[in-house]
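Listed below are the residues making up each chain.
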Amino acid sequence: MIGQEIMLQPIFETPPDHLVHLYVENRTFLEPYEPKRPDIYFTRAGQIELLNNARRLWEEDSAYTFAICAHPGEHAPPIPIGRISLSNVVRGSWHSCTVGYFVSQHANNRGIATQALTQAVHFAFQDAKLHRVQAAIMPRNIASLRVVEKIGFRYEGLAKYYLNINGVWEDHRIYSVTPELWTGR
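Just so we're clear, the structure is a prediction, and the values are computed from it rather than from any experiment. (Residues numbered from 1 in each chain as written. Predicted model: local features only at pLDDT ≥ 70, side-chain atom pairs only at ≥ 80, totals over all residues. Heavy atoms only, no water.)

Q: Help me understand the side chain of Ser96, please; the structure alone is not making it clear to me.
A: Here Ser96 is to be found in strand S4 (residues 96-103). Judged by relative accessible area, which is 0%, Ser96 ranks as buried. A polar atom in the side chain of Ser96 sits 2.7 Å from the backbone oxygen of Trp94. Residues in contact with Ser96, not counting those within four places in the same chain, are Asn88, Val89, Val90, Leu130 and Arg132. (Helix = DSSP H or I, 4+ residues; strand = E, 2+ residues; numbered from the N terminus. Buried < 20%, exposed > 50% of the residue type's maximum accessible area, 1.4 Å probe, protein only. Polar contact = N/O pair within 3.5 Å; in protein donor to acceptor, adjacent residues only side chain to side chain. Contact = heavy atoms within 4.5 Å.)

So this is what it looks like as structure tokens:
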């Protein structure tokens, strides 16, 4: 990454007002890449509900959501500039999860998503003891495709009408990585 250190912080440790600012500031930018969001999502009450849910899912070992934070310095608090989630955690013989992420529009094209995804995959394999991380990316999201390929995710195929994004069932390219194949260590 060029010129800025980032850190992942459990999202429930992030002040809700910081997240409201992040989501409101990026609402139009993210709209083509995310499900339709109700207006309450962009409020303090909506974010508090999501933070409480994120903490519960973390404690249940079913999802790990992080704020991607710029670390401006030793004495300044981390500033959220994105989110990354390891969700749909399944144990048993699968030991896998899905990953989804975004970086704020103003922080794009600086290697932040690559660094954040590398840290999240490291967490998945080392801390959460998972064996597979899967990403689903719309074919038109070229920047995100480059991120997963750069750190060693392998293309597995095209899933037709995979996720409902902004009210439309979109095709997604499926990628995955396991510890045996991960080049981003």
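Q: What should I look at first to understand the sheet that holds S4 in this one?
A: Note on sheets: strands pair through backbone hydrogen bonds, and any given pair is parallel or antiparallel. What the seven strands build is an open sheet, ordered S1-S2-S3-S4-S5-S7-S6; its pairing is mixed. Pairing within the sheet leaves two strands with one partner each, and these edge strands are strand S1 (6-10) and strand S6 (154-165). Looking at each pair of strands side by side, their axes are set apart by 30 degrees on average, direction ignored. Sheet analysis places strand S2 (residues 64-70) next to strand S3 (residues 79-90), joined by seven bridges and oriented antiparallel. The partner of Thr65 across the bridge, within S3, is Ser85. (Pairing = 2+ DSSP bridges. Axes fitted to C-alpha atoms, helices over the stretch in contact; angles between N-to-C directions.)

Q: What is the right way to look at the side chain of Ser85 in this model?
A: Counting through the fold element by element, Ser85 comes out in strand S3. Separated by 3.1 Å, the side chains of Ser85 and Thr65 make a polar contact. Apart from the residues lying within four places of it in its own chain, the contact partners of Ser85 are Tyr64, Thr65, Thr98, Val99 and Gly100.

Q: Looking at this structure, I do not really get helix H3 (residues 44-59). What am I missing?
A: Residue pairs spaced three or four apart in an α-helix point in one direction, given the helix's 3.6 residues per turn. The first and last C-alpha atoms of H3 sit 23 Å apart over 16 residues, in line with the 22 Å expected at 1.5 Å per residue. In this fold, the buried residues of H3 make contact with helix H1 (16-25). Positive backbone phi, at 65 degrees, marks Asp61, one or two positions downstream of H3. (Expected span 1.5 Å × (residues − 1).)

Q: Could you clarify how one ought to interpret the nonpolar core in this entry?
A: Considering soluble globular proteins, one finds that nonpolar side chains tend to be buried as a cluster. Of all hydrophobic cores here, the largest spans 37 residues; its most connected members are Leu86, Leu117 and Phe153. Looking at this core, the elements that each hand over two or more residues are S1, S2, S3, S4, helix H4 (112-127), strand S5 (132-137), helix H5 (142-150) and strand S7 (168-177). The leading source of residues in this core is H4, at nine residues. Ignoring sequence-local partners within four residues, the contact set of Leu117 consists of Ile84, Val99, Tyr101, Val147, Val148, Ile151 and Phe153. Among the nonpolar cores identified, the runner-up in size contains twelve residues, and Leu22, Tyr41, Ala54 and Phe102 belong to it. (Core = buried A, V, L, I, M, F, W, Y, C linked by side-chain atoms within 4.5 Å.)

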